[in-house]
Structure formats: structure tokens, C-alpha cells
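Here is what each chain is made of, one letter per residue.
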Amino acid sequence: MRLMEEAKNDAELVLLFQQGQEWAFEELFQRYKQAAMRSAFLLTGNYFDAENVLQEAFIKCYQKLAGLRKPECFKAWFWRILTHTAWAYCKKRDRETPIAAIFEEYSAGLPNEGRSKSALEYLTENEEQQILQAAIKRLPLKQKTVIVLYYYNEMSVQEIAQATGSLCGTVKSRLFTARRNLAVFLQEREADKNEKEQNVG
Amino acid sequence: MKRSKTLADESLEREIKAALQAEAAAVEVSAEAEAALFAELAKSRADRSWAAKMPLSWNWPVRRFLLSFCLIFCLSCAGVFATQVGSGGGWVSGGPNYEVNSFDKMPKLLDRLSFEPRYLQSFANGYSFAEAHVFGAQGLDEQGRRMSHVYLELSVAYCNPTSGENLTLNVNNIPNGFGGQALQTRQVGNVELKYEEQAYKFVPFDYVLTDADWAALADGSLVISIGTDTVENNLLQSVVWVQDGVKYHMFGFDLSLSGDELLDMAAEIAAIEL
């Protein structure tokens with residue numbers, strides 16, 4: 001029975017749920033929870049906020065799934081719920097993080113496993129990557145969203161457009177702008193670093 | 001490594017991907033969060049079972065039908081609301097819903113049933129046929145999943161033309177627990193009729209249970225049912241019996257009838273020879 005359940009695709013699970021098979025939703029949750037949680041974490045920048053977004057998104061999904069007319073569009077539909085929930089959450093939180101606090105927040109925002117390392121350890125362990133992570137965190141929310149969905153979730157431009165309720169052109173534009181902003185940020189950081197090295201020298 | 005070398009587009013894209021993967025790698029959904037989510041879903045399911053099926057402005061026949069459904073399955077136990085929230089088990093309406101409002105059309109409804117029910121057009125005290133439904137019901141397992149089999153139940157509404165009071169007779173062959181503590185009994189042949197009373201509280205969808213509600217639910221002295229515009233406290237009067245493997249539940253709220261009078265009416269039905 002379990003094997004049968006796992007063999008079903010998303011659309012079949014949606015249909016089964018709509019016919020009253022509650023287990024089908026649990027199956028969908030198991031399939032999407034990891035990616036959803038990690039994406040929520042990347043969007044909110046905080047583990048506990050991510051859990052709240054995850055919970056809110058899945059509850060909305062559960063309550064509205066019976067009315068989904070195109071079960072084959074479940075993936076885009078779900079990511080749209082998650083994305084908009086995260087946006088609403090971030091907007092409500094309305095917390096602009098100063099750059100000086102980013103590394104503190106980075107350490108505090110990780111789950112227990114992550115918190116065993118200090119911010120300093122993270123910095124020295126992989127400075128280049130840490131800088132880039134910080135730069136992504138600094139992006140405006142909608143730019144950060146397309147970056148997360150495109151590079152982390154490996155969604156196509158069209159899928160991101162469906163998930164965010166934007167036109168494909170808008171998604172491409174945000175991707176381009178986000179990449180440019182990251183490049184500029186990294187160049188500035190690199191220039192600062194070189195300048196400091198030269199001064200020390 | 002010079003940063004300038006990594007700023008080429010391809011390299012930047014690889015780095016972005018790696019940075020995101022590294023940052024999110026340690027993030028998992030905690031067991032507590034998962035448990036909290038499913039607790040919320042269980043609550044949502046309890047609401048959905050009722051709220052999703054009701055139009056915003058539902059008239060009395062629909063309401064009576066839903067309340068009848070609630071009662072037949074929840075008599076003598078903690079009620080649909082508490083059952084759903086507490087154990088995840090219970091019953092939900094589902095499948096077909098057929099209705100007739102003329103006694104002559106009853107055979108059409110009866111064709112759909114897998115059992116033969118006893119019923120009357122009118123009682124000696126003046127109560128007479130008003131309308132009837134056949135509707136489906138599905139059991140929920142402990143995880144709240146609908147079981148595959150849909151049972152059909154007959155619900156016949158009677159009205160007293162003088163007082164306007166309503167009384168309902170539900171008949172089914174659903175294999176669930178049935179009957180509570182009898183206040184009075186009466187024997188009709190080899191069938192024992194049981195008269196019972198139960199306090200009911202009907203509440204709006206957004207009603208928040210009080211501590212007193214929870215305590216009353218726990219000791220079984222109260223059943224809470226969701227679906228009214230205002231909070232209403234009612235006394236349910238019932239006569240229940242099992243005859244030829246079929247379950248009968250005749251009931252009404254805040255009736256002017258005594259237990260004896262309700263038992264008289266039930267005895268009229270039980271005495272019918274099939």
C-alpha cells in the first residue's frame with residue numbers, strides 16, 4: 001500500500017485528497033517539506049521564522065487544496081503559496097537587517113546543529129562563501145526570491161513566474177538585477193579587502 | 001584566490017548555487033514543528049468537515065439535516081467536534097444526498113438503501129411526515145482519513161402541525177457504537193426502546209471553547225456541535241433501538257413531549273410488521 005502511495009505523482013495525490021483520501025496530503029507534505037523549509041529559511045533568513053512560514057503555507061495549502069482545479073499545477077501552486085506567505089511574513093516583520101548584524105543573525109538563525117559553530121568559525125572556514133551568503137541576504141526580497149527559486153530550487157523562469165505571480169520578463173529582469181547586485185557587492189568587498197591588505201603591507 | 005576571477009557570470013552562478021546550498025544544508029523541519037503542523041491540520045480538518053460543506057446562509061432544512069447527521073453518529077459519545085479534535089476518528093458526511101418532500105415518493109429513496117426501514121406517515125399524536133433524505137456517511141480512521149465504504153442513512157423529518165415542533169427519525173445500519181445511558185426503557189416484543197437525554201451546545205465556527213466546555217466534554221455531560229450563528233444550549237431527547245439489525249434514532253430538541261410520549265411514538269414504529 002505504501003509503495004503504491006509513493007508511486008503516485010503529485011497530480012494523482014491531489015485528486016486522491018480531493019476525493020477524501022487524507023493520507024495523500026501527508027504524502028505531498030513529505031515530498032515538499034524539506035525544500036519548502038530550506039527555501040523559507042533562505043527567504044526569511046531565520047530558522048524560527050522559516051518554521052512559521054512553513055506551517056502557515058501548508059495549512060493554507062491543506063485548506064485550499066480541495067478547490068485546486070488543475071491538479072497538474074500543484075507544484076507551481078504550492079510554491080506560490082509558500083512564496084507569498086514568506087513575503088507577507090517578511091513584510092509584517094519589517095526587519096531591515098544592518099550589515100553589521102548579518103553574521104550575528106546568521107549564527108543565531110541556524111538550527112541547533114548549525115549553532116554549534118560560531119560566526120567566526122564560519123567566516124574563517126569559508127570566507128568567500130560567507131560573503132556571498134551575506135550578499136544574498138542583503139538583496140531586496142523579490143530579487144532574493146528569484147535567486148533562491150532559480151539557483152536553490154532549480155526552477156525554470158516560467159515556473160518562478162507562476163510561483164511568484166509575475167511575468168517571465170519580470171523574473172528575468174529580477175534575476176539579472178540580482179546577479180548584477182551580487183557582483184557589485186562582491187567587487188566592493190574584494191576592493192576593500194585588497195585595500196586593507198595593501199595598507200597592512 | 002582573487003575575487004575578480006570569480007566574478008565572471010558562469011563562476012558567479014556556480015558560487016551562488018553553492019552558497020545557497022551550504023547555507024540551507026543544516027536546515028531540517030523539526031519534529032516539534034511537524035507535530036504542531038499536523039495538530040493544526042487536525043483542527044482544520046474538524047472545521048473543514050462542517051464548514052466547507054455549508055453555504056454561508058444555510059436554511060433550516062439543511063441545518064436540520066446536518067444536525068441530524070451529527071446526532072446519529074455522536075449520540076452518547078463526545079460529539080463530532082470533540083471526536084475530531086481529540087482522537088482524529090469519527091464520521092463525516094459524504095457521497096450522495098437525495099431528498100423527497102412528499103410521502104408518496106418515499107419508495108424512490110428506499111430503493112437506494114441496503115436495508116429495509118420502518119417508518120410512518122403520521123403518528124397518533126398528530127406528528128406527520130414533512131420530508132426525508134438519504135445521505136452518505138464515511139468513517140474516519142485514527143489518522144482522520146476517510147474509510148472507503150460509504151454507508152447510506154435514511155432521515156425522516158416529522159412535524160407537529162399544531163405546535164410546529166420538529167422531530168427526526170434516522171435509520172441506518174452503520175457499525176458504530178449506539179446508545180447511551182437510558183433514563184427510561186420500554187419493551188415492544190423482543191425490542192427494547194431506550195429514552196435518553198443529552199445536553200447540546202451549538203456554537204458558531206469561530207467559537208472558542210471555555211474551560212467549562214472542555215470539562216463538560218471530558219465527563220460526557222455535554223456535546224458541542226459547530227454550525228450555528230449564535231451559541232444555543234439545547235436539550236436533546238432521543239429514543240434509540242435496534243431492530244432486525246437496523247438502528248433507529250428518533251429525536252428532537254427542547255420538545256414539549258415527555259419521555260413517555262416519545263416512547264409511545266417509537267413504539268408505533270417498532271410495532272410495524274415488515
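Residues numbered from 1 in each chain as written. Chains lettered and ligands numbered in written order. Predicted model: local features only at pLDDT ≥ 70, side-chain atom pairs only at ≥ 80, totals over all residues.

A.B. asks: Would you mind showing me how to read the overall build of chain A here?
C.D. replies: Looking only at helices and strands, chain A has twelve helices and zero strands in total. Its helices and strands taken in sequence order, chain A reads α-α-α-α-α-α-α-α-α-α-α-α from the N to the C terminus. Burial status across chain A gives 33% buried among its 201 residues. (Helix = DSSP H or I, 4+ residues; strand = E, 2+ residues; numbered from the N terminus. Buried ≥ 20, exposed ≤ 12 C-beta atoms within 10 Å, placed from the backbone.)

A.B. asks: Is there a simple way to explain the environment of Glu 116 of chain B in this structure?
C.D. replies: Residues and elements named next belong to chain B. Note that Glu 116 resides in the loop between α5 (106–110) and β2 (128–140). The exposure class assigned to Glu 116 is exposed, which follows from the 10 C-beta atoms found within 10 Å. As for Glu 116 and Val 171, which are separated by 55 residues in sequence, their C-alpha atoms are 9.3 Å apart.

A.B. asks: Would you explain the packing of helix α3 (residues 23–44) of chain A against helix α5 (residues 74–93) of chain A in this entry?
C.D. replies: Residues and elements named next belong to chain A. The interhelical angle for the contact between α3 and α5, taken along N-to-C directions, is 30 degrees, at an axis separation of 10 Å. On the basis of the axis angle, α3 is roughly parallel to α5. In this structure, α3 meets α5 at a crossing whose hand is right-handed. Contacts between α3 and α5 involve Tyr 32, Ala 36, Ser 39, Ala 40, Leu 43 and Thr 44 on the former and, on the latter, Phe 78, Leu 82, Ala 86, Tyr 89 and Cys 90. Grouping the constituent residues of the contact of α3 with α5 by class yields nine nonpolar, two polar and no charged. (Axes fitted to C-alpha atoms, helices over the stretch in contact; angles between N-to-C directions. Parallel < 35°, antiparallel > 145°, perpendicular 65-115°, else oblique. Left-handed = near helix turned anticlockwise from the far one by under 90°. Contact = placed C-beta atoms within 7 Å. Nonpolar A, V, L, I, M, F, W, Y, C, P; charged D, E, K, R; others polar.)

A.B. asks: I would appreciate a short explanation of the nonpolar core in the present structure.
C.D. replies: A general trend in soluble globular proteins is that nonpolar side chains are found buried together. In terms of nonpolar packing, the biggest core is built from 56 residues, with Ala 40 and Leu 54 of chain A together with Leu 20 of chain B touching the most fellow members. When residues in this core are grouped by element, the largest group, ten residues, is from α3 of chain A. The residues that make up this core include at least three from each of domain 1 (1–95) and domain 2 (126–201) of chain A. Those residues in contact with Leu 20 of chain B that lie beyond four places of it in its chain are Leu 42, Ile 136, Val 148, Tyr 151 and Tyr 152 of chain A. Listed in part, the 28 residues of the second largest apolar core include Tyr 158, Trp 241, Met 250 and Leu 263 of chain B. (Core = buried A, V, L, I, M, F, W, Y, C linked by C-beta atoms within 7 Å. Domains from an automatic or database assignment.)

A.B. asks: Could you clarify how one ought to interpret the pairing of strand β3 (residues 151–159) of chain B in this entry?
C.D. replies: All names here are of chain B. In terms of residue burial, β3 counts as a mostly covered element, since eight of its nine residues are buried. Bridging between β3 and strand β4 (residues 166–172) involves six bridges; their strand directions are antiparallel. Following the sheet pairing, Ser 155 is matched in β4 by Asn 170. Connecting the antiparallel pair β3 and β4 is a turn made up of six residues, with Gly 164 showing a positive phi of about 80 degrees. (Pairing = 2+ DSSP bridges.)

A.B. asks: Sorry if this is basic, but what is going on with the packing of helix α2 (residues 10–18) of chain A against α3 of chain A here?
C.D. replies: Working note: a packed helix pair is described by the angle between its axes plus the distance between those axes. Residues and elements named next belong to chain A. Contact pair α2 / α3: the axes reach a minimum separation of 7 Å and the direction vectors enclose 145 degrees. Where α2 crosses over α3, the two elements pack in a sense that is left-handed. Side by side, α2 and α3 meet where Asp 10, Leu 13, Leu 16 and Phe 17 of the first sit next to Ala 24, Phe 25, Glu 27 and Leu 28 of the second.

A.B. asks: Help me understand the confidence of the model for chain A in this model?
C.D. replies: Low pLDDT means the predicted atomic positions in that stretch should not be read closely. Residue and element names in this part refer to chain A. When pLDDT is averaged across chain A, the result is 77; 79% of the residues are at 70 or more. When the criterion is pLDDT under 50, residues 1–6 qualifies, and its contacts beyond four places in sequence or with other chains add up to two contacts. Of the regions scoring below 50 in pLDDT, residues 95–125 engages in 29 contacts with residues more than four places distant in sequence or in other chains. (pLDDT = per-residue confidence, 0-100.)

A.B. asks: Looking at this model, I keep getting lost on the pairing of strand β6 (residues 191–203) of chain B. Mind explaining?
C.D. replies: Along a regular strand, successive side chains alternate from one face of the sheet to the other. All names here are of chain B. Strand direction decides the pairing type here: strand β5 (residues 184–188) and β6, joined by five bridges, are antiparallel. Bridge pairing links Thr 185 to Lys 194 in β6. The turn linking β5 back onto β6 is made up of two residues, and Gly 189 within it adopts a positive phi angle of 65 degrees. Examined bridge by bridge, β6 and strand β8 (residues 232–243) share nine bridges and lie antiparallel to one another. Bridge pairing in β8 places Glu 196 opposite Ser 238.

A.B. asks: Looking at this model, I keep getting lost on the environment of Val 148 of chain A. Mind explaining?
C.D. replies: With respect to the helices, strands and loops of the structure, Val 148 of chain A is situated in helix α10 (residues 141–152). Assessed through the 27 C-beta atoms surrounding it within 10 Å, Val 148 of chain A is described here as buried. C-alpha of Val 148 of chain A to C-alpha of Leu 43 of chain A: the two residues are 105 residues apart in sequence and 7.4 Å apart in space. Here Val 148 of chain A is in contact with Ser 39, Leu 42, Leu 43 and Asn 153 of chain A together with Leu 20 of chain B, once residues within four sequence places are set aside.

A.B. asks: What should I look at first to understand α3 of chain A in this one?
C.D. replies: Residue and element names in this part refer to chain A. Between its terminal C-alpha atoms α3 stretches 30 Å, which fits the 32 Å expected from 22 residues at 1.5 Å a residue. Where α3 bends most, at Tyr 32, the angle is about 50 degrees. Where α3 terminates, the next one or two residues include Gly 45, which has phi positive at roughly 75 degrees. (Expected span 1.5 Å × (residues − 1). Bend = angle between axes of the 7 residues up to and from the residue.)

A.B. asks: So what exactly am I meant to see when it comes to α10 of chain A here?
C.D. replies: An α-helical turn contains 3.6 residues, so a residue and the one three or four places further along point in the same direction. Here α10 of chain A contains twelve residues, and its C-alpha end-to-end distance of 15 Å stays within 8% of the 16 Å for a straight helix at 1.5 Å per residue. Every buried residue belonging to α10 of chain A is among Gln 143, Lys 144, Thr 145, Val 146, Ile 147, Val 148, Leu 149, Tyr 150, Tyr 151 and Tyr 152 of chain A, and all of these are buried.

A.B. asks: Please clarify how unusual backbone geometry should be interpreted in this entry.
C.D. replies: Across residues other than glycine, the phi torsion is negative in most instances, and most of the peptide bonds are trans. All names here are of chain B. At Asp 244, a residue that is not glycine, the phi angle is positive and equals roughly 55 degrees. Structurally, Asp 244 can be placed in the loop between β8 and β9 (246–253). Its 11 C-beta neighbours within 10 Å are what place Asp 244 among the exposed residues. Look at Asp 254: it is not a glycine, yet its phi comes out positive at around 45 degrees. With respect to the helices and strands, Asp 254 occurs in the loop between β9 and α7 (259–270). Exposure remark for Asp 254: the 12 C-beta atoms within 10 Å place this residue in the exposed category.

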